[in-house]
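# Inside the fold
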Amino acid sequence: MKIVVCVKQVPSSNEVKLDPKTNTIIREADKSVINPYDKFAIEEALKIKDNLKGEVIALSMGIPATEKILRDAMSRGCDRSVLLSDKKFAGADTLATAYTLSLGIKKIKNVSLIICGKMAIDGDTAQIGPELAETLKIPHITDVSEIIKISENEITCRKINDNGYSIIKMVLPAVITVVKDINLPRLPTIPGVLKSIHASFEIINAHNATANINRIGSTGSPTQVIDTFIPERKNVAIEIEGDIDKKIDFIGDIIKEIMYNGRIDN
Ligand SMILES: Cc1cc2nc3c(=O)[nH]c(=O)nc-3n(C[C@H](O)[C@H](O)[C@H](O)COP(=O)(O)OP(=O)(O)OC[C@H]3O[C@@H](n4cnc5c(N)ncnc54)[C@H](O)[C@@H]3O)c2cc1C
């Protein structure tokens, strides 16, 4: 089974810098990491490969320095990587990003499953998974917390809802987006790191991807960022009520939230 994992380069801290002229994120190679949710996507793909055999390919759209996170993906067990990189892709909104990623998937050929993280911790829209499925005209399930069953032709997933969960079955090829409760990602191994240092990977530009120029980059983006701002930070002290177990759970949840999101949402 051929599985593609979409991995995004995101700033390594929550000190996101914005370009005041373009209202876009300034991406610095040395301060970038794999989007935390995408590590769960990689792990799930590797688990499927362990059972069904096949190939796991990490796919990203980004600047050339995105190579760093693709090597990280390979050190964790991905077999190979594909980078969609071209100045013509710059300024893409989610629709143009999903279209561009779909071109990479078409180039890879015969992909059965595409796994994305639930969301990227910088862009935060959680739109890429569903938009990618729509662009490829294949089904999708978002917020997957468990793959209950998977075969060459279909997949059954547990999807987290606001009020509980749903069990959904769909045919492959398909897209899923995964939440952080789905697994515990394995760490890079020494052989994996060595392999990733010497690995070559495919870089696809707009021409090679046979991209429709009206659907990529800022030209292909129907939305525009009008304004951006960094929220003011306030130090707020809160008193945790309840017994010691409740207090420990509360603090544990805060630590988890910071580890995975780089911030606390509420
Ligand atoms: C109007 C507009 C203009 C923008 N201009 C720019 C710009 O000039 N430069 C810029 O860097 N960003 C720009 N962005 C941000 C960019 O569009 C988003 O970062 C990107 O579309 C992904 O959306 P997201 O971060 O919300 O991902 P989400 O939908 O939250 O991510 C979900 C999952 O999709 C996958 N995914 C997301 N992005 C990628 C990727 N690039 N490669 C591989 N997998 C991915 C990952 O698996 C991720 O976990 C712009 C956004 C908007 C709305």
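Residues numbered from 1 in each chain as written. Predicted model: local features only at pLDDT ≥ 70, side-chain atom pairs only at ≥ 80, totals over all residues. Heavy atoms only, no water.

### A word on the pattern of salt bridges
Counting across every chain of the model gives 10 salt bridges. The shortest N-O distance in the salt bridge between Glu-55 and Arg-80 comes to 2.6 Å. Of this pair, Glu-55 sits in strand β4 (residues 55-61) while Arg-80 sits in strand β5 (residues 80-84), and the two are 25 residues apart along the sequence. Among the residues examined, Glu-55 registers a relative accessible area of 22% and is labelled partly exposed. (Salt bridge = Lys/Arg side-chain N within 4 Å of Asp/Glu carboxyl O. Helix = DSSP H or I, 4+ residues; strand = E, 2+ residues; numbered from the N terminus. Buried < 20%, exposed > 50% of the residue type's maximum accessible area, 1.4 Å probe, protein only.)

### Details of the sheet that holds strand β1 (residues 2-6)
What the 9 strands build is an open sheet, ordered β9-β8-β7-β10-β6-β1-β4-β5-β11; its pairing is mixed. Since the sheet does not close on itself, it has two edges, and those belong to β9 (164-171) and β11 (202-204), each with one partner. Between one strand and the next, the sheet's axes are offset by a mean angle of 35°, whatever the strand orientation. Bridging between β1 and strand β6 (residues 113-117) involves 3 bridges; their strand directions are parallel. Each residue of the ladder has a partner; that of Val-4, found in β6, is Ile-114. Where helix α1 (residues 36-52) meets the sheet, its contacts fall on β1, β4, β6, β7 (140-150) and β10 (174-178), and the angle it forms with β6 comes to roughly 150°. (Pairing = 2+ DSSP bridges. Axes fitted to C-alpha atoms, helices over the stretch in contact; angles between N-to-C directions. Contact = heavy atoms within 4.5 Å.)

### Details of the packing of helix α3 (residues 94-108) against helix α4 (residues 128-136)
Two elements in contact, α3 and α4, have axes whose closest approach is 8 Å; the angle formed by their N-to-C orientations is 55°. In terms of their interaxial angle, α3 and α4 are classed as oblique. Considering the relative orientation of α3 and α4, their crossing is right-handed. Across from Thr-94, Leu-95, Thr-97, Ala-98, Tyr-99, Leu-101, Ser-102, Ile-105 and Lys-106 in α3, the residues of α4 making contact are Ile-128, Glu-131, Leu-132, Thr-135 and Leu-136. Split into classes, the residues belonging to the contact of α3 with α4 amount to 8 nonpolar, 4 polar and 2 charged. (Parallel < 35°, antiparallel > 145°, perpendicular 65-115°, else oblique. Left-handed = near helix turned anticlockwise from the far one by under 90°. Nonpolar A, V, L, I, M, F, W, Y, C, P; charged D, E, K, R; others polar.)

### A word on a negative patch on the surface
Residues Asp-243, Asp-245, Asp-249 and Asp-253 make up a contiguous surface patch of negative charge. If you trace the backbone, Asp-249 turns up in helix α6 (residues 244-261). (Patch = residues over 30% accessible without salt bridge, like charges linked within 9 Å, V, L, I, M, F, W, Y side chains within 5 Å. Areas by Shrake-Rupley, 256 points an atom, 1.4 Å probe, with all protein chains shown as cover. Lys, Arg positive; Asp, Glu negative; His and termini not counted. Charge placed at Lys NZ, Arg CZ, Asp CG, Glu CD.)

### Considering unusual backbone geometry
Residue Pro-173 is reached from Leu-172 by a cis peptide bond, and omega for that bond is 5°. Considering the arrangement of structural elements, one finds Pro-173 in the loop between β9 and β10. Of note in the backbone geometry, Asn-110 takes a positive phi value of approximately 50° without being a glycine. For Asn-110, the location among the structural elements is in the loop between α3 and β6.

### A word on the side chain of Arg-76
Relative to the assigned elements, Arg-76 resides in the loop between α2 (67-75) and β5. Its relative accessible area of 12% is what places Arg-76 among the buried residues. Within polar-contact distance, the side chain of Arg-76 engages the side chain of Asp-72 at 2.8 Å. (Polar contact = N/O pair within 3.5 Å; in protein donor to acceptor, adjacent residues only side chain to side chain.)

Purely spatial values, then, with no claim about function.
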